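# Report on the structure
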Amino acid sequence: MRATIKDVARRANVSTSTVSLVLNNKSVPISQQTRDAVFKAAKELHYRPNQLAVGLVTNKTNTIGLIIPDNSNPFFAALSNQIEKAASSNGYSIILGNTNNSAKSTRNYLRIFTDHAVDGIILAQADFSVPEEGEKCMQLIKDLHIPIVSVDRIDKGSNLNSVVTDQKLAGYLATRHLLNLGHRRIGCATGPLGLSNCQNRLLGYQKALAEFDVPFEPNLNYEENLNIECGIHALSTLLGQNVTAIFAFNDLIAYGVYKELRNYNLSVPDDLSLVGLDDIFLSEILQPPLTTVAQPVNEIAENVVERIIEQIASPGRTAQEPLVLEPILKVRGSTKRLV
Ligand code: RIB
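The structure contained in this document is the topic of the report that follows. (Residues numbered from 1 in each chain as written. Predicted model: local features only at pLDDT ≥ 70, side-chain atom pairs only at ≥ 80, totals over all residues. Heavy atoms only, no water.)

Pairing is parallel across the open sheet formed by six strands, whose spatial order is 2-1-3-4-5-11. Two strands bound the open sheet, and with one partner strand each, they are strand 2 (93–98) and strand 11 (323–325). Neighbouring strand axes in the sheet, compared pairwise and without regard to direction, differ in orientation by 15° on average. Where strand 1 (residues 63–68) and strand 2 come together, six bridges link them in parallel fashion. Residue pairing in the sheet places isoleucine 68 in a bridge with asparagine 98 of strand 2. (Pairing = 2+ DSSP bridges. Helix = DSSP H or I, 4+ residues; strand = E, 2+ residues; numbered from the N terminus. Axes fitted to C-alpha atoms, helices over the stretch in contact; angles between N-to-C directions.)

Right, dumping it as structure tokens:
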């Protein structure tokens, strides 16, 4: 049974308010003998303040809930790490909820974190391939009345406080790089185009093609998921379309292309140029290192934490404009000029 503040008071033979004043190190006239008795009782009882009880009194728990779609994806692992560092340096703890891309799990975590009295929530999954799921998520957010900042997969139509990468620019930079190298048959291996970040990456791809007067050919797009399997499955389809380059909508898809190329005795970049997106940690140590478009994960994390802390401090403040951050093209060894 977990010890309570009453148990500590009884053992130290003092009042519960004395226990609270001593354990919260308040500067009040209490003898050192009494202080020692309280600390001794708390230690013997393995007493830990009940943060929910503390929160009911102070209306703060100094905790932030972080909801992400897939902690097995190094992009979200890096984002979570940076968010935790930024939150910790501001006196907040992070409680992580991983949804495995499930809309229902996202809604569960929104309720769980609210019921467990977090001070605010950072939501990296407010966007879903099925529009109705996004609507249900946004309705729940309205009903919960808790400070929320959306990051990465933000809801297209909402006015939630949000921090995102310019995904259209990311797709544009990846594609323009390949066009500048002379490639004209550029395949796309995309995640679900129902997600706004994938839609915008495709728009960037189409914008770059148009600038080079290259017609957009839908049959050069392979749509699946933002994972390695997508890259594995996409290769045969896109090679069948005689592509000379592939823009993978994230680095994991590009890893799948690398892997499957071995079954065709083809290599990057001699037989196929390849560009990814995210710049997760493995991409620069692959052989050859992956050319990719980096998302500014540290900057995203710092800004999303700054915004949620501001919102916790001033819940009634008007929502800030979405913060859109620029991606960075990282040219490495997986692309070459088409001769
Ligand atoms: O790799 C996971 C992808 O989904 C990233 O590109 C990120 O934007 C997330 O939404």
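Okay, the sheet that holds strand 9 (residues 273–278) next. Read across the sheet, six strands follow the order 7-6-8-9-10-12 without closing on themselves; strand pairing throughout is mixed. What marks the edges here is a single partner per strand, and that holds for strand 7 (221–223) and strand 12 (328–330). Taking each pair of neighbouring strands and ignoring which way they run, the sheet shows an average axis angle of 15°. As judged from the four bridges shared by strand 9 and strand 10 (residues 291–294), these two strands associate in the parallel manner. When the sheet's bridge partners are listed, leucine 277 is paired in strand 10 with valine 293.

This paragraph deals with the side chain of aspartate 279. Topologically, aspartate 279 is positioned in the loop between strand 9 and strand 10. A polar atom in the side chain of aspartate 279 sits 3.0 Å from the side chain of lysine 330. One polar contact links aspartate 279 to arginine 332, side chain to side chain, over a distance of 3.0 Å. Not counting the four nearest positions on each side in its chain, aspartate 279 is found in contact with Asp251, Thr292, Val293, Ala294, Lys330 and Arg332. (Polar contact = N/O pair within 3.5 Å; in protein donor to acceptor, adjacent residues only side chain to side chain. Contact = heavy atoms within 4.5 Å.)

Here we come to unusual backbone geometry. Cis geometry marks the peptide bond from valine 268 to proline 269, where omega comes out at 0°. Counting through the fold element by element, proline 269 comes out in the loop between helix 11 (251–261) and strand 9. The omega angle of the peptide bond from glutamine 287 to proline 288 is -5°, so this bond is cis rather than trans. Here proline 288 is to be found in the loop between strand 9 and strand 10. At asparagine 100, a position not held by glycine, the phi torsion is positive, near 50°. With respect to the element layout, asparagine 100 can be found in the loop between strand 2 and helix 6 (103–115). Judged by its relative accessible area of 57%, asparagine 100 falls in the exposed class. Positive phi, close to 55°, is recorded for aspartate 213, a residue that is not glycine. (Buried < 20%, exposed > 50% of the residue type's maximum accessible area, 1.4 Å probe, protein only.)

What follows covers the site of the ligand. As a matter of local geometry, the ligand sits amid Asn73, Phe75, Phe76, Asp152, Arg153, Gln167, Asn197, Arg201, Leu226, Asn250, Asp278 and Gln295. Here asparagine 197 contributes a side-chain N or O atom positioned 2.6 Å from an oxygen atom of the ligand. Side-chain polar atom of aspartate 278 to an oxygen atom of the ligand: 2.6 Å apart, as the coordinates give it. Isolated, the ligand exposes 270 Å² of accessible area, and the fraction of that covered by the protein chains is 100%. When atoms are counted within 2 Å of each cavity's grid points, the one that captures over half of the ligand is the largest cavity. Only helix 5 (74–88), strand 4 (148–153) and helix 9 (196–211) provide two or more residues apiece to the shell around the ligand. (Near = heavy atom within 4 Å. Areas by Shrake-Rupley, 256 points an atom, 1.4 Å probe, with all protein chains shown as cover. 1 Å grid on protein atoms, 1.4 Å probe; cavity = no way out; pocket = protein on both sides within 12 Å on 5 of 7 lines; lining within 4 Å. Sits in = over half its atoms within 2 Å of the grid points.)

What follows is about the nonpolar core. When a protein is soluble and globular, its nonpolar side chains tend to lie buried together. Core analysis: the largest hydrophobic core is formed by 69 residues, its most contacted members being Ile83, Ile122, Ile246, Phe247 and Leu274. At eight residues, helix 12 (residues 297–313) tops the list of elements feeding residues into this core. Apart from residues no more than four positions distant in its own chain, isoleucine 83 is found in contact with Leu66, Ile94, Ile122, Ala301, Val304 and Val305. Core analysis: the second largest hydrophobic core is formed by 17 residues, Leu123, Met138, Leu140 and Ile141 among them. (Core = buried A, V, L, I, M, F, W, Y, C linked by side-chain atoms within 4.5 Å.)

Moving on to empty space enclosed by the protein. Summed over all chains, the structure comprises one cavity of 30 Å³ or more. Here the largest cavity defines a volume of roughly 80 Å³. Contributing elements (two or more residues each) for the lining of the largest cavity: helix 5, strand 4 and helix 9. (Points joined across faces, edges and corners; volume = space filled by probe spheres on them.)

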